[in-house]
Amino acid sequence: MQQELSRKLAAVMFTDIFSFTSLMEKDEADAMEKKRLYKEILHQFHKQYNGEIIKDMGDGSLSVFTNSVDAVWCAIDMQKAFRVSMNIPVRIGIHTGNVLFQQGDIMGDAVNIASRMESFAAPGSVFISGKVHDEIKNQKNIQVVLMGRFELKNVSVPMEIYAVSNDNLIVPKKQVLHGKGIQVSKKSSLKKVLITAAIVLIVTLSIFLLYKKYIANGMNDPQSKTIAVIPFDNLSASKDDEYFSDGICNEIQTQLSKIGALNVIARTSMLQFKDTKKTMKEIGEAVGADVLLEGSVQKSNDKVHINMQLIDAKSDKQMWADTYDKDFKDIFSIQSDIAKNVATQLKANLTSLEKNDIEKRPTDNLEAYNLYLKGNYLVQKVTPDDLANGLKMLNDAIKLDTKFALPYLGIAYYYGVATDFYMAPRQALPQLKIAAQTAIEMDSTLAGGYAYLGAYDFWYAWNLPKADEAFKKAVALNSSEYFVYWIYNIFLTATGKTDEAKKTGAKLTELDPMSADAYAWYGSDFYFAKQYDEALRYLDKSSSLDANYPFAAYFKGMCYMAQGKFSEAIQQEQLAHKMMASPWSHARLAYAYARAGNVQMAKAILDSLKKQSDTEYVSEDVVASVYVALGDKEHAFEYLDKATEQRAGWLVYLNVDPIWDPIRNDARFIAIVKELGLK
């Protein structure tokens, strides 16, 4: 095992048990036995052919050999053994090239290429690159079949792939091959030779047209600069390092969003394209992007290997590509270099402020930065355990660098999520304010900091003019950040600025076109405007994007109740509570039962919530709404008063939510609305 940094020529092999998750679902005992035999055979033949297993990932492996001949013979003999032993469906890919070794890990283009090739292989097959073929072609006992030329993901030059065709090996049909890349037609290269003169003419004409379009009319047409960042592949040793590839992807996207000349598609829309088989053109059409940035990230101790390429979504052609083999300490310069290269390729002029912002190092403490990436990754999962663990890591990052602003934004996010659902506003929101203010003190250019500060003034301090000022500053600092528009949209809706709210709601769907969240909150704009059919149209779109998004079900239920469709309403609120499983969602279900006339079920849930409030926070405003539905005004105002004292988050909707219509003209209700500054 290599302990010091060194670069060597090696044959790289990737293997994996095809569709192991499906095998587990069908027969867990059988799948585990296949996995045991797979590992036994893997180690047996690697020892025989002097191979070194770098990563044993359970149902997959990465290994190296000193030469291609040993690697191919090892693969042939392993596939024969896999077939005899329970017909284990294993794919194998082999490439040769320079590899960087360090402390038991390897990185380099050869690793990336072998991984991409293996993704095209079929169970029972061995795929090798043209380079490996050149090294084994004199081996008379090894037969191969050319499968074609392929443009592999994050590999700039098309490569030939061969299938080893010895007895007992599978050679799949060329037309059924699918993997991380696309097959290149031979005809295209012939045409290039035959029509060179025509190309020269076309290029000349294109230059003239481009001059007219961009030079004469200006280079900063925003319509041609919508960019989407596809989730980066994690090529690190462990799946536990997913936080790193995810975090670097998120950080680069944030850097791009600072460029005013670019429209950046939000992260949540792009998550569904992780490990996708869709073409770049199909992804671009799905999200409305002109260009796509994709890449892979590999981290090994203090080294990082990052591949990047920028693709024209309409032509599916590469516009720019680069590979970064650097120390982890250079991670910030890598991120800024990528953002500046993208801007250059898209003719998006950077202002001096944008350039300085992109080049700024958020911290000099790399351990703190790594903890921030881990913590932020966890809190974004929004489960109680992940939130708690993520918060600890974010605080640990701050202990290492008290001037590091980004962890404070993660902490603000934590308290924002916890409010009403896990924690009382009086406990959570002051902490959110402290985190947001501290982040801004460290870095006054952070749009998220002002958005969180606006959220505090809106939800807790009820200082609406001050909240409006903070939201507008956040939008001015970053007009491509989804969260900024999301919180501003809620503010505009709650304060009755219906037309402006709908415009920001539409902006959410532009920034995040494949997001259930964006369409649900856009639909809520119409619910609060009492345009229920229009609301349901967008809420149905939300559910079609993610059937498990709770707020789509919640707002659907509220629309159905407003329309008197109580059975449909109860069904949706049951679904929302099943997904959310919070006291808040349980109270909303009780409201649905009360509106439907099922007093017994509504009161049973109320009794349950009162007992639950002895041990955890239960938002009093939703309890008050149940009493409104039951026609019990006295208890409704009793709980509304408690909610006001506790600064319950959803009180901000008092002036626009139809659920309060039965008591809207009561003097006590008018007084509460006035106290919130909503009138």
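If you're wondering where the values come from, they're calculated on a predicted model, not measured in any experiment.

A closer look at the overall build of the chain
Within the chain, the regular secondary structure consists of 29 helices and 15 strands. What you see for the chain is a C-alpha radius of gyration of 29 Å, in line with the 26 Å of a compact globule of 679 residues. Its C-alpha atoms give the chain principal-axis dimensions of roughly 95 × 70 × 50 Å. Split into buried and exposed, the 679 residues of the chain put 55% on the buried side. Look at the contacts in the chain between residues 6 or more apart in sequence, and 65% of them connect residues 24 or more apart. Taken together, the 78 basic and 83 acidic charged side chains of the chain have centroids lying 5 Å from each other.

A word on the pattern of salt bridges
Applying the stated criterion across every chain, the model contains 28 salt bridges. Here Lys-258 and Asp-357 are joined by a salt bridge, their closest N and O atoms 3.7 Å apart. Here the residue Lys-258 occupies a position in the loop between α8 (242–257) and β12 (263–264), and Asp-357 occupies one in helix α12 (residues 352–359), the gap between them amounting to 99 residues. Judged by relative accessible area, which is 22%, Lys-258 ranks as partly exposed.

Side note on the nonpolar core
Note on soluble globular proteins: their nonpolar side chains tend to be buried together. If you look at the biggest cluster of nonpolar residues, it comprises 165 residues, and the most contacted ones within it are Leu-256 and Leu-293. When residues no more than four places from it in sequence are discounted, the contact partners of Leu-256 are Ile-227, Val-229, Leu-262, Val-264, Leu-293, Ala-339 and Val-342. By size, the runner-up hydrophobic cluster in this structure holds 34 residues, among which are Ala-31, Ala-71, Val-126 and Val-164.

Digging into the pairing of strand β13 (residues 291–300)
Of all ten residues making up β13, ten are buried, and the element is well covered by its neighbours. Note: strand β10 (residues 226–229) against β13, three bridges, orientation parallel. Following the sheet pairing, Ala-228 is matched in β13 by Leu-292. Pairing geometry for strand β11 (residues 233–234) and β13, over two bridges, is parallel.

Here we look at the confidence of the model for the chain
Taken residue by residue, the chain gives an average pLDDT of 86. The fraction at 70 or more is 92%. Every residue in residues 186–224 scores below 50 in pLDDT, and together they form 17 contacts with partners more than four places removed in sequence or on other chains.

Topic: the environment of Met-78
Relative to the helices and strands, Met-78 is located in helix α3 (residues 68–84). The buried category is assigned to Met-78, whose relative accessible area is 0%. Sequence separation of Met-78 and Met-57 is 21 residues, and the distance between their C-alpha atoms is 17 Å. Setting aside its immediate chain neighbours within four residues, Met-78 contacts Met-13, Thr-15, Ile-41, Leu-42, Phe-45, His-46 and Ile-92.

Quick word on unusual backbone geometry
The backbone phi angle of Ser-19 is positive, close to 50°, even though this residue is not glycine. Mapped onto the fold, Ser-19 is located in the loop between β1 (6–17) and α1 (20–26).

Let's talk about the environment of Leu-271
Checked against the element boundaries, Leu-271 lands in the loop between α9 (267–270) and α10 (280–287). Linking Leu-271 and Met-514, residues 243 residues apart in sequence, is a C-alpha distance of 9.3 Å.

Observations regarding the side chain of Asp-401
Tracing the backbone through its elements, the reader meets Asp-401 in the loop between α14 (384–400) and α15 (406–418). In contact with Asp-401, other than residues within four places in its own chain, are Thr-363, Asp-364, Asn-365 and Ala-368.

Observations regarding the side chain of Ser-585
Of note, Ser-585 is situated in helix α25 (residues 583–595). Side chain to side chain, Ser-585 and His-577 meet in a polar contact 2.7 Å long. Dropping the residues within four chain positions of it, Ser-585 is found in contact with Ala-576, His-577 and Met-580.

A word on the layout of surface pockets
As a volume, the second largest pocket reaches approximately 1300 Å³. Surrounding the second largest pocket, 43 residues form its lining, Asp-16, Arg-91, Glu-118, Lys-180 and Asp-275 being those nearest its centre. Listed by contribution, the elements that provide at least two residues to the lining of the second largest pocket are β1, α1, β3 (60–65), α4 (109–120) and β11.

Some details on the environment of Val-656
Here Val-656 shows up in the loop between α28 (633–646) and α29 (667–675). Separated by 129 residues in sequence, Val-656 and Tyr-527 place their C-alpha atoms 9.3 Å apart. Beyond its immediate chain neighbours, meaning those up to four positions away, Val-656 contacts Thr-493, Ala-494, Gly-496, Phe-528 and Arg-664.

Some words on the packing of aromatic side chains
Each aromatic ring pair is specified by the distance between its two centres and by the angle formed by the two planes. Under the defined criterion, the tally for this structure stands at 41 aromatic pairs. Ring geometry for Tyr-369 and Tyr-372: centres 6.0 Å apart, planes at 40°, overall tilted. Taken together, the residues Tyr-369 and Tyr-372, both in helix α13 (residues 366–379) and three residues apart, mark about one turn of the helix. The same class applies to Tyr-369 as to Tyr-372, namely buried.

Description of the packing of helix α26 (residues 599–612) against helix α27 (residues 620–630)
Two elements in contact, α26 and α27, have axes whose closest approach is 11 Å; the angle formed by their N-to-C orientations is 155°. Here α27 runs roughly antiparallel to α26, going by the angle between their axes. Considering the relative orientation of α26 and α27, their crossing is left-handed. Counting all contacts with α26, which are made through Val-599, Ala-602, Lys-603, Leu-606 and Lys-610, the residues of α27 involved are Val-623, Val-626, Tyr-627 and Leu-630. Taken together, the residues of the contact of α26 with α27 sort by class into seven nonpolar, no polar and two charged.

Details of α15
Here α15 is 13 residues long and its end C-alpha atoms lie 19 Å apart, about the 18 Å a rise of 1.5 Å per residue gives. For α15, the tally of buried residues reaches twelve of 13 residues, placing the bulk of the element in the interior. Turning to α15, its buried residues number three or more, namely Leu-406, Pro-407, Tyr-408, Leu-409, Gly-410, Ile-411, Ala-412, Tyr-413, Tyr-414, Tyr-415, Val-417 and Ala-418. Buried-residue contacts for α15 involve α8, α13, α14, α16 (425–442) and α17 (447–459).

With respect to helix α18 (residues 464–477)
Note: α-helices contain 3.6 residues per turn, so residues at a spacing of three or four share the same orientation. The end-to-end C-alpha distance of α18 is 20 Å, a good match for the 20 Å that 14 residues give at a rise of 1.5 Å each. Listed as buried for α18 are Leu-464, Ala-467, Asp-468, Ala-470, Phe-471, Ala-474 and Val-475. Looking down the long axis of α18, one finds its buried residues gathered within 165° of arc, a one-sided arrangement. Seen from the buried face of α18, the exposed residues on the opposite side, beyond 90 degrees, are Pro-465, Glu-469 and Ala-476. Close packing links the buried residues of α18 with α17 and α19 (482–494). Structurally, the start of α18 carries an N-cap: the backbone nitrogen of Lys-466 is 3.3 Å from a side-chain oxygen of Asn-463.

Definitions and cut-offs
- Residues numbered from 1 in each chain as written.
- Predicted model: local features only at pLDDT ≥ 70, side-chain atom pairs only at ≥ 80, totals over all residues.
- Heavy atoms only, no water.
- Helix = DSSP H or I, 4+ residues; strand = E, 2+ residues; numbered from the N terminus.
- Rg over C-alpha atoms; globule rule 2.2 N^0.38 Å.
- Buried < 20%, exposed > 50% of the residue type's maximum accessible area, 1.4 Å probe, protein only.
- Contact = heavy atoms within 4.5 Å.
- Lys, Arg positive; Asp, Glu negative; His and termini not counted.
- Charge placed at Lys NZ, Arg CZ, Asp CG, Glu CD.
- Salt bridge = Lys/Arg side-chain N within 4 Å of Asp/Glu carboxyl O.
- Core = buried A, V, L, I, M, F, W, Y, C linked by side-chain atoms within 4.5 Å.
- Pairing = 2+ DSSP bridges.
- pLDDT = per-residue confidence, 0-100.
- Polar contact = N/O pair within 3.5 Å; in protein donor to acceptor, adjacent residues only side chain to side chain.
- 1 Å grid on protein atoms, 1.4 Å probe; cavity = no way out; pocket = protein on both sides within 12 Å on 5 of 7 lines; lining within 4 Å.
- Points joined across faces, edges and corners; volume = space filled by probe spheres on them.
- Phe/Tyr/Trp six-rings, centres within 6.5 Å; stacked < 30°, edge-to-face > 60°.
- Axes fitted to C-alpha atoms, helices over the stretch in contact; angles between N-to-C directions.
- Parallel < 35°, antiparallel > 145°, perpendicular 65-115°, else oblique.
- Left-handed = near helix turned anticlockwise from the far one by under 90°.
- Nonpolar A, V, L, I, M, F, W, Y, C, P; charged D, E, K, R; others polar.
- Expected span 1.5 Å × (residues − 1).
- Arc of directions from axis to C-beta.

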